[in-house]
Amino acid sequence: MRSTIFTGTIPALMTPCKPDRTPDFDALVRKATELIGLGMSAVVYCGSMGDWPLLTDAERMEGVERLVAAGIPVIVGTGAVNTKTAVAHAAHAQKVGAKGLMVIPRVLSRGSVIAAQKAHFKAILSAAPNLPAVIYNSPYYGFATRADLFFALRAEHPNLIGFKEFGGNDDLSYAAEHITSRDDDVTLMVGVDTAVVHGFVNCGASGAITGIGCVLPREVLHLVELSRAAAAGDATARRRAQELDAALHELAKVDAGPDLVLFFKHMMVLKGNPEYALHFNETDALSPSQQGFIEAQLKLFDTWYADWSR
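The rules behind these values
Residues numbered from 1 in each chain as written. Predicted model: local features only at pLDDT ≥ 70, side-chain atom pairs only at ≥ 80, totals over all residues. Heavy atoms only, no water. Helix = DSSP H or I, 4+ residues; strand = E, 2+ residues; numbered from the N terminus. Rg over C-alpha atoms; globule rule 2.2 N^0.38 Å. Buried < 20%, exposed > 50% of the residue type's maximum accessible area, 1.4 Å probe, protein only. Contact = heavy atoms within 4.5 Å. Areas by Shrake-Rupley, 256 points an atom, 1.4 Å probe, with all protein chains shown as cover. Lys, Arg positive; Asp, Glu negative; His and termini not counted. Charge placed at Lys NZ, Arg CZ, Asp CG, Glu CD. Pairing = 2+ DSSP bridges. Axes fitted to C-alpha atoms, helices over the stretch in contact; angles between N-to-C directions. Parallel < 35°, antiparallel > 145°, perpendicular 65-115°, else oblique. Left-handed = near helix turned anticlockwise from the far one by under 90°. Phe/Tyr/Trp six-rings, centres within 6.5 Å; stacked < 30°, edge-to-face > 60°. Lys NZ or Arg CZ within 6 Å of the ring centre and 35° of its normal. Expected span 1.5 Å × (residues − 1). Bend = angle between axes of the 7 residues up to and from the residue. Polar contact = N/O pair within 3.5 Å; in protein donor to acceptor, adjacent residues only side chain to side chain. Nonpolar A, V, L, I, M, F, W, Y, C, P; charged D, E, K, R; others polar. Core = buried A, V, L, I, M, F, W, Y, C linked by side-chain atoms within 4.5 Å.

**Q** It is not clear to me how the overall build of the chain should be interpreted in this structure. Could you clarify?
**A** Scanning the chain for helices and strands turns up 12 helices and 8 strands. For 310 residues, the compact-globule estimate of 2.2 N^0.38 gives 19 Å, and the chain sits close to it at 18 Å. Along the longest, intermediate and shortest principal axes, the C-alpha atoms of the chain span 50 × 50 × 35 Å. Going through the 310 residues of the chain one by one, you find that 55% of them count as buried. In the chain, once contacts between residues fewer than 6 apart in sequence are set aside, the share between residues at least 24 apart is 74%. Summing over all exposed atoms, the chain offers an accessible surface of approximately 12,700 Å²; the carbon and sulfur share of this is 51%. Each charge class in the chain was averaged separately, 28 positive and 33 negative side chains, and the resulting centres sit 4 Å apart.

This is the structure:
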């Protein structure tokens, strides 16, 4: 299977809340439409950024349906404790017209067992054979998919076309060396915001799934554009990509922490999106110190970027 859905810059959508802390799907669609209009190639829903563990299955499916109905190219996260639930989300995604799957490992139950993960992945891929899919590799899910398992799955499931790496630079390098450079039809997606330049320049990534790109879409699109040019050998683009990457670092690194959604939602509010002020759990909140830190870093970056980008 060939597909271009896993290319370009793809924001991982957060799920905004109404005052009663239920999903605000109207706001979700508005934000997705805005991001696509700015140049994003697709969106991810519901990955970690979308708070999949805190939503019901019906809520997750409604979010997917609403995005598809609005004409948004949607890549659907399959996170679940139970394989049957993950399969249901994959089948639903194919049924309603989503464009791709992000296949998330089995968590909690037998999550470290390779045979269990292989069966989990196979069930998801089999449930939506017409949807191109990538394995989502993340230390937060407690399981690292290695080359032998990836190619064993790909041999049986041609809809498995790539790898989304969230583990950082070393893991991206492993994926490039042992998985995605073997076959031009296998794509590599950068999955952590601090590794965009490394992923494109050194690892041959075809795209980036981004959290900070929801907050700073133009700036992240700029970073990806520079990184692509740098990957083609443009020395000036490489220097400027490294400068922009360094300036973004303090904001981007929250993508790899447990409070990522709290940080990104707070930054969304600071950028004029009040619908992201609430969380599904009322007790989920940044500390006053965390708020002060991220506010200062965002202000610093905005000031720097305005000067640098002239």
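Still more to cover.
**Q** In this structure, what is going on with the environment of aspartate 57? I would like to understand it.
**A** Assignment of secondary structure puts aspartate 57 in helix α2 (residues 57-69). Classification of aspartate 57 by relative accessible area gives partly exposed; the value is 35%.

**Q** Can you help me understand the sheet that holds strand β4 (residues 100-103) in this one?
**A** In a beta sheet, neighbouring strands pair by backbone hydrogen bonds and run either parallel or antiparallel. Read from one edge to the other, the open sheet built from 8 strands follows the order β1-β8-β7-β6-β5-β4-β3-β2, with strand pairing classed as parallel. A single partner strand is all that each edge strand has here, and the edge strands are β1 (8-11) and β2 (43-44). Taken together, the 4 bridges between β1 and strand β8 (residues 207-210) define a ladder with parallel strand orientation. Bridging from a neighbouring strand, glycine 8 pairs with glycine 207 of β8.

**Q** Sorry, what's going on with the packing of helix α1 (residues 25-38) against α2 here?
**A** At a closest axis distance of 10 Å, the pairing of α1 and α2 adopts a crossing angle of 45°. Between α1 and α2, the angle is such that the two are oblique. At the point where α1 passes α2, the crossing takes the right-handed sense. Residues Phe25, Asp26, Leu28, Val29 and Ala32 of α1 lie in contact with α2, whose contacting residues are Glu59, Glu62, Gly63, Arg66 and Leu67.

**Q** What am I meant to see in the packing of aromatic side chains here?
**A** Two aromatic rings are characterised by how far apart their centres lie and by the angle between their planes. In the structure shown here, the tally under the stated rule is 9 aromatic pairs. With a centroid separation of 5.3 Å and an interplanar angle of 80°, the aromatic rings of tyrosine 136 and tyrosine 141 are classed as edge-to-face. Just as tyrosine 136 is buried, tyrosine 141 falls in that class too. For the pair phenylalanine 150 and phenylalanine 151, a centre-to-centre distance of 5.2 Å together with 85° between the ring planes defines the contact as edge-to-face. For the pair formed by phenylalanine 150 and phenylalanine 151, the shared burial category is buried. Clustering of aromatic rings is evident, with ring pairs tying together Tyr136, Tyr140, Tyr141 and Phe166. Above the face of the tyrosine 174 ring, arginine 146 is positioned so that its terminal group lies 4.2 Å from the ring centre. Lying across the ring of tyrosine 136, lysine 164 places its NZ or CZ 3.5 Å from the centre.

**Q** Help me out: how do you make sense of helix α10 (residues 235-252) in this one?
**A** Residue pairs spaced three or four apart in an α-helix point in one direction, given the helix's 3.6 residues per turn. Here α10 is 18 residues long and its end C-alpha atoms lie 24 Å apart, about the 26 Å a rise of 1.5 Å per residue gives. A bend of about 30° at alanine 246 is the largest found in α10. For α10, the complete set of buried residues consists of Ala237, Ala241, Leu244, Asp245, Leu248, Leu251 and Ala252. Put simply, aspartate 234 is the residue that caps the front of α10, since its side-chain oxygen is 3.1 Å from the backbone nitrogen of threonine 236.

**Q** Explain the packing of α10 against helix α12 (residues 288-308) to me, please; I cannot follow it from the model alone.
**A** Helix packing geometry: the angle between the two helix axes and the distance between the axes. Running from amino to carboxyl end, α10 crosses α12 at an angle of 160°, the nearest separation of the two axes being 8 Å. One way to sum up the angle between α10 and α12 is to call them roughly antiparallel. Judged by the twist between their axes, the crossing of α10 over α12 is left-handed. Across from Arg240, Glu243, Leu244, Ala247, Leu248, Glu250 and Leu251 in α10, the residues of α12 making contact are Phe293, Ile294, Gln297, Leu298, Phe301, Trp304, Tyr305 and Trp308. Classifying every residue of the contact of α10 with α12 gives 11 nonpolar, 1 polar and 3 charged.

**Q** Is there a simple way to think about the nonpolar core in this case?
**A** Most often, soluble globular proteins have nonpolar side chains that are buried together. Tyr45, Leu67, Leu101, Ile212, Phe264 and Met267 are the most contacted members of the largest nonpolar core, which totals 107 residues. Here this core takes 7 residues from helix α11 (residues 260-270), the largest share from any one element. Not counting residues up to four positions away in its chain, the partners in contact with phenylalanine 264 are Met14, Met49, Asp193, Gly211, Ile212, Val215, Leu251, Val254 and Asp255.

None of the figures reported here should be taken as evidence of function without further support.
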